[in-house]
Amino acid sequence: MTLSPPADSKLVPRLGIKLDNISKRYGDHVVLDDVSLHVEPGTVTALIGPSGAGKSTFLRCINLLERPDAGTIRVAGHTIEPGKAVNGRDLAALRSTVGMVFQSFNLFPHMTALKNVSFPQQRVLGRSKEEADARSMQLLERVGLKEKAGQHPGRCSGGQQQRIAIARALALDPSIMLFDEPTSALDPEVGLEVLSVMRELAADGMTMVVVTHEMQFARDVSDTLVVMADCKIIEQGDPKAIMSDPAEARTRRFLRAVLER
Amino acid sequence: MNAFTAVLEGLPLTVGLTLAAFAIGISGAVPLALGLSSPVVPLQLACRLFVDLVRGVPIIVWLFLLKFGIQIGTFKFNPVGAAIVGLGVVSVAYLAEIYRGGLQAVPRGQLEAAHALGLPRGSTFFRVVVPQAFRIVSPSIATYLVGLLKDSSIASTIIVAEMVFQSQSFARQHPTVEGILPYVIVGVVYIALSLPVAYLSRWLDARMRKVVHV
């Protein structure tokens with residue numbers, strides 16, 4: 001059994017991400033300055049860089065939680081141009097093909113773990129309760145939390161909550177998964193549970209974009225390492241090559257700071 | 001007739017007035033709260049103006065305006081109707097403000113998660129936002145209900161024969177020390193009515209906290 005749905009791997013052509021010339025500003029404050037990134041289907045991209053570099057904002061442009069001021073977004077066969085209105089149906093279609101995991105989990109606190117995973121399937125994909133629950137149990141088991149199905153998130157540890165959140169995102173059978181600092185709110189030991197689920201997901205061939213400070217994970221799991229600083233991508237390429245011999249002085253400075261901790 | 005039965009004679013009207021105004025309030029406040037949180041600026045301003053206007057004037061003034069101002073029309077010879085409408089409209093304004101606060105207190109991340117999942121607007125609002133907002137506001141609603149129960153006594157000023165009105169007329173008929181009795185009794189009855197609401201609210205709140213564990 002794999003984490004991604006079976007249909008994903010064989011029948012449906014897997015789709016990547018192409019972001020071109022993305023710019024975003026809040027008033028006078030520039031957040032993203034003409035940033036472009038292409039992600040091949042089935043690959044893992046790690047986004048690293050100092051805070052304030054624009055990593056999270058850039059990630060959130062992929063599923064349009066942030067609307068860029070300029071640039072083109074092509075995600076899983078959908079194209080979004082800035083300035084043009086996006087109708088609700090297109091937006092929903094795009095979002096259901098892109099799963100997202102947040103730093104603060106954002107599980108629905110008034111629903112059990114099972115309901116958290118099943119409810120979106122019923123509302124977004126129109127699955128019956130039985131169908132949705134069956135898929136949810138499958139995914140909860142896969143993230144090692146079958147026994148937590150009946151518990152509310154408040155009764156689960158941070159690591160468990162994050163794994164439930166991953167199951168919730170996967171339940172909509174996305175072809176792309178976005179992770180916004182998924183382990184930053186967790187202590188290191190608990191973070192490992194989450195990282196191991198993410199490693200399995202990557203091994204299954206899920207297209208992933210991960211904003212992270214976990215250098216070990218970025219080095220071992222990602223196919224492409226992208227370094228952002230000052231609202232731009234300053235360097236990208238093979239993670240091991242960049243980490244051992246960064247081309248940019250800014251990257252060197254950042255890596256030294258992170259690795260010294 | 002002794003003081004106790006005199007006070008009790010007003011009990012049905014006190015309870016009825018309170019519940020009727022509360023019913024108007026909790027339902028009427030829903031659209032108003034949505035208006036207050038609307039991104040459509042003119043609508044939001046209109047709702048804000050209404051809320052501030054209603055809350056800015058003492059209830060007793062509204063009741064007098066309703067009773068004597070519209071005496072020619074709808075509320076002629078109907079002080080109970082005027083009191084229900086007056087207290088109801090005031091409740092709409094106060095509860096709308098409570099609801100709005102509750103809607104705003106739901107963490108932003110909850111909406112982001114719902115958006116990222118592609119949940120339809122209706123599901124996002126009714127299944128994600130409202131249940132959490134309700135948990136946040138339910139103690140305030142209970143507090144408001146207890147306040148409204150006591151404020152319903154203001155209706156006595158426009159000749160609604162609720163408990164305070166009955167106490168006053170008893171006192172007027174017994175201009176001795178006995179005249180103080182109905183006021184002591186009515187105070188005890190108000191407390192007896194408020195306590196269950198307060199306890200129910202605390203119990204509900206504790207129960208919701210226990211289930212959700214926040």
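Worth saying up front: this structure is predicted, and the values here are computed from it rather than measured.

Engineer: Explanation requested: the packing of helix H1 (residues 3–36) of chain B against helix H4 (residues 79–105) of chain B in the structure shown.
Structural biologist: If you want to describe how two helices pack, look at the angle between their axes and the distance between the axes. All names here are of chain B. Where H1 meets H4, the closest approach of the two axes is 6 Å, and the angle between their N-to-C directions is 40 degrees. Relative to H4, the element H1 is oriented oblique. Here H1 and H4 pass one another in a crossing that is right-handed.

Engineer: What exactly am I supposed to notice about helix H7 (residues 188–203) of chain A here?
Structural biologist: Side chains that are three or four residues apart share a direction in an α-helix, a result of its 3.6 residues per turn. Residue and element names in this part refer to chain A. In a regular helix each residue adds 1.5 Å, so 16 residues correspond to 22 Å; H7 covers 22 Å between its end C-alpha atoms and thus fits that length. Where the residues of H7 are buried, they touch strand E3 (44–48), helix H6 (158–170), strand E7 (176–180), strand E8 (207–211) and helix H8 (215–221). Once H7 ends, the next one or two residues include Gly205, with phi positive near 95 degrees.

Engineer: Even after reading the chapter, I still don't get the confidence of the model for chain A, so can you show me in this structure?
Structural biologist: Here chain A averages 90 in pLDDT, while 94% of its residues score no lower than 70. Counting interchain partners and residues more than four positions distant, the pLDDT-below-50 stretch residues 1–12 of chain A has 20 contacts.

Engineer: Looking at this structure, how should I read the pairing of strand E10 (residues 232–237) of chain A?
Structural biologist: Moving residue by residue along a regular strand, the side chains alternate between the two faces of the sheet. Residues and elements named next belong to chain A. In this structure, strand E9 (residues 224–229) lies alongside E10, joined through five bridges in antiparallel fashion. Paired with Val226 across the two strands is Gln236, which belongs to E10. Here E9 hands over to E10 after two residues, with Asp230 in that stretch at a positive phi of 50 degrees.

Engineer: Sorry if this is basic, but what is going on with the packing of aromatic side chains here?
Structural biologist: Two measures describe an aromatic ring pair: the distance that separates the ring centres and the angle between the ring planes. Enumeration over the complete set of coordinates arrives at three aromatic pairs over all chains. Each ring, one from Phe108 of chain A and one from Phe119 of chain A, has its centre 6.5 Å from the other, and the planes form 80 degrees; the classification is edge-to-face. Separated by 11 residues along the polypeptide, Phe108 of chain A in the loop between strand E6 (98–101) and helix H4 (113–125) and Phe119 of chain A in helix H4 bring together distant segments of the chain. Grouping residues by exposure puts Phe108 of chain A and Phe119 of chain A together as buried. Ring geometry for Phe125 of chain B and Phe126 of chain B: centres 5.0 Å apart, planes at 80 degrees, overall edge-to-face. By relative accessible area, which is 54% here, Phe126 of chain B ends up exposed. The ring of Tyr199 of chain B carries the charged tip of Arg202 of chain B above its face, separated from the ring centre by 5.3 Å.

Engineer: Quick question: what am I supposed to make of the sheet that holds E9 of chain A here?
Structural biologist: Consider a sheet: its strands pair through backbone hydrogen bonds, and that pairing is either parallel or antiparallel. All names here are of chain A. Ordered by their spatial adjacency, six strands build an open sheet running E6-E7-E8-E3-E9-E10, and the pairing between neighbours is mixed. Looking along the sheet, the strands with just one partner apiece sit at the ends: E6 and E10. The average undirected angle you get between the axes of adjacent strands in this sheet is 15 degrees. Relative to E7, E6 is paired through four bridges, and the arrangement is parallel. Looking at E7, one finds that Met100 is bridged to Leu178. Most of the contacts of helix H3 (residues 88–97) go to E6, to which it runs at about 65 degrees, and overall it touches E6 and E7.

Rules and cut-offs
Residues numbered from 1 in each chain as written. Chains lettered and ligands numbered in written order. Predicted model: local features only at pLDDT ≥ 70, side-chain atom pairs only at ≥ 80, totals over all residues. Heavy atoms only, no water. Axes fitted to C-alpha atoms, helices over the stretch in contact; angles between N-to-C directions. Helix = DSSP H or I, 4+ residues; strand = E, 2+ residues; numbered from the N terminus. Parallel < 35°, antiparallel > 145°, perpendicular 65-115°, else oblique. Left-handed = near helix turned anticlockwise from the far one by under 90°. Expected span 1.5 Å × (residues − 1). Contact = heavy atoms within 4.5 Å. pLDDT = per-residue confidence, 0-100. Pairing = 2+ DSSP bridges. Phe/Tyr/Trp six-rings, centres within 6.5 Å; stacked < 30°, edge-to-face > 60°. Buried < 20%, exposed > 50% of the residue type's maximum accessible area, 1.4 Å probe, protein only. Lys NZ or Arg CZ within 6 Å of the ring centre and 35° of its normal.

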